[in-house]
Amino acid sequence: MTFANNNELTSRALSVLRIVSAYLLIQHGSAKLLGFPHVAFFDGLQIFSMLGAAGILELVGGALLLIGLFTRPVAFVLSGLLAFAYFIGHASKGFVLSPMLNQGEAAVLFCFVFLFIAVAGAGAWSVDAMRLAKKPA
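Residues numbered from 1 in each chain as written. Predicted model: local features only at pLDDT ≥ 70, side-chain atom pairs only at ≥ 80, totals over all residues. Heavy atoms only, no water.

**Structural notes on the overall build of the chain**
- From N to C terminus, the chain includes 5 helices and 0 strands.
- Mapped from its N terminus to its C terminus, the chain presents α and β elements in the order α-α-α-α-α.
- Across the 137 residues of the chain, 33% fall into the buried class.
- Counting contacts in the chain only where the partners sit at least 6 residues apart, residues at least 24 apart contribute 61% of the total.
- Carbon and sulfur atoms provide 74% of the accessible area of the chain, an area that totals close to 8800 Å².
- If you average the places of the 8 positive and of the 5 negative side-chain charges in the chain, the two averages end up 11 Å apart. (Helix = DSSP H or I, 4+ residues; strand = E, 2+ residues; numbered from the N terminus. Buried < 20%, exposed > 50% of the residue type's maximum accessible area, 1.4 Å probe, protein only. Contact = heavy atoms within 4.5 Å. Areas by Shrake-Rupley, 256 points an atom, 1.4 Å probe, with all protein chains shown as cover. Lys, Arg positive; Asp, Glu negative; His and termini not counted. Charge placed at Lys NZ, Arg CZ, Asp CG, Glu CD.)

Here it is, written out as structure tokens:
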């Protein structure tokens, strides 16, 4: 089966990628800050720590990405956050060039998905797209 190059379909698929990725990232932030889902490692997490700051960015940035508001700058910041997460939290365990061995696969994948979204935009199903549609020509 082949698909014709369809910009509308591509834009919708981009929206689905953005929404699912944001939903998954929100869970990381809510686990750190709200204790749900519960991850024992985050028990007693200080909000003014690196992990606390990451949780704030994950929760707030993830929510903005979920609805597609200020998508490009938010995705760019989150891409940087996940690059730092990889190099500080995972690569420091060794095996820098093999995220599979230092449990950093999710951080690397999130980093590059968000970098792609920062370049490609929010897609059709987003507040950003609605705001652009309402601008006078």
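**So, a nonpolar patch on the surface**
- A contiguous nonpolar surface patch, about 700 Å² in accessible area, is contributed by Val 16, Ile 19, Val 20, Tyr 23, Leu 24, Leu 66, Ile 67 and Trp 125.
- Residue assignment for the nonpolar patch shows that the elements contributing at least two residues are α1 (7-33) and α2 (50-67).
- With 5 residues, the top contributor of residues to the nonpolar patch is α1.
- Assessed through its relative accessible area of 44%, Val 20 is described here as partly exposed. (Patch = residues over 30% accessible without salt bridge, like charges linked within 9 Å, V, L, I, M, F, W, Y side chains within 5 Å. Salt bridge = Lys/Arg side-chain N within 4 Å of Asp/Glu carboxyl O.)

**Things to note about the side chain of Lys 32**
- Positionally, Lys 32 belongs in helix α1.
- Filtering out sequence-adjacent residues up to four positions away, Lys 32 remains in contact with Phe 42, Leu 45, Leu 51, Gly 55 and Glu 58.

**Quick look at α1**
- Helix length check: α1, at 27 residues, gives a terminal C-alpha distance of 38 Å against a target of 39 Å (1.5 Å per residue), a fit within 8%.
- Every buried residue belonging to α1 is among Leu 14, Ser 15, Arg 18, Ser 21, Ala 22, Leu 25, Ile 26, Gly 29, Ser 30, Ala 31 and Lys 32, and all of these are buried.
- Measuring from the side-chain oxygen of the N-cap residue of α1 to the backbone nitrogen of Glu 8 gives 2.9 Å; that N-cap residue is Asn 6. (Expected span 1.5 Å × (residues − 1). Polar contact = N/O pair within 3.5 Å; in protein donor to acceptor, adjacent residues only side chain to side chain.)

**Examining the packing of helix α3 (residues 71-90) against helix α4 (residues 105-120)**
- Put simply, α3 and α4 touch, their axes get as near as 8 Å, and they point 160° apart. Classified by the angle their axes make, α3 and α4 are roughly antiparallel. α3 and α4 meet at a crossing whose hand is left-handed. When α3 is examined against α4, the residues Thr 71, Arg 72, Ala 75, Phe 76, Leu 78, Ser 79, Leu 82, Ala 83, Tyr 86 and His 90 are found in contact with a partner set consisting of Ala 107, Val 108, Phe 110, Cys 111, Phe 114, Leu 115, Ile 117, Ala 118, Val 119 and Ala 120.
- Grouping the amino acids of the contact of α3 with α4 by side-chain chemistry returns 16 nonpolar, 3 polar and 1 charged. (Axes fitted to C-alpha atoms, helices over the stretch in contact; angles between N-to-C directions. Parallel < 35°, antiparallel > 145°, perpendicular 65-115°, else oblique. Left-handed = near helix turned anticlockwise from the far one by under 90°. Nonpolar A, V, L, I, M, F, W, Y, C, P; charged D, E, K, R; others polar.)

**Considerations on the pattern of salt bridges**
- What the rule picks out here adds up to 3 salt bridges.
- The residue Arg 12 makes a salt bridge to Glu 8 at a minimum N-O spacing of 2.4 Å. Remark: Glu 8 and Arg 12 occur in helix α1; sequence separation between them is 4 residues, near one turn of the helix.
- A relative accessible area of 47% places Glu 8 in the partly exposed class.
- Between Glu 58 and Lys 32 there is a salt bridge, and its shortest N-O distance comes to 2.8 Å. Taken together, the residues span a long stretch of sequence, with Glu 58 in helix α2 and Lys 32 in helix α1 at a distance of 26 residues.

**Side note on the packing of aromatic side chains**
- Within this structure, the stated rule accounts for 3 aromatic pairs.
- Judged by centre distance (5.2 Å) and plane angle (80°), the rings of Tyr 86 and Phe 87 are edge-to-face.
- Aromatic side chains Phe 110 and Phe 114 sit 5.6 Å apart centroid to centroid with 15° between the ring planes, which places their arrangement in the stacked category. Of this pair, Phe 110 and Phe 114 are both found in helix α4, 4 residues apart, which corresponds to roughly one turn of the helix. (Phe/Tyr/Trp six-rings, centres within 6.5 Å; stacked < 30°, edge-to-face > 60°.)

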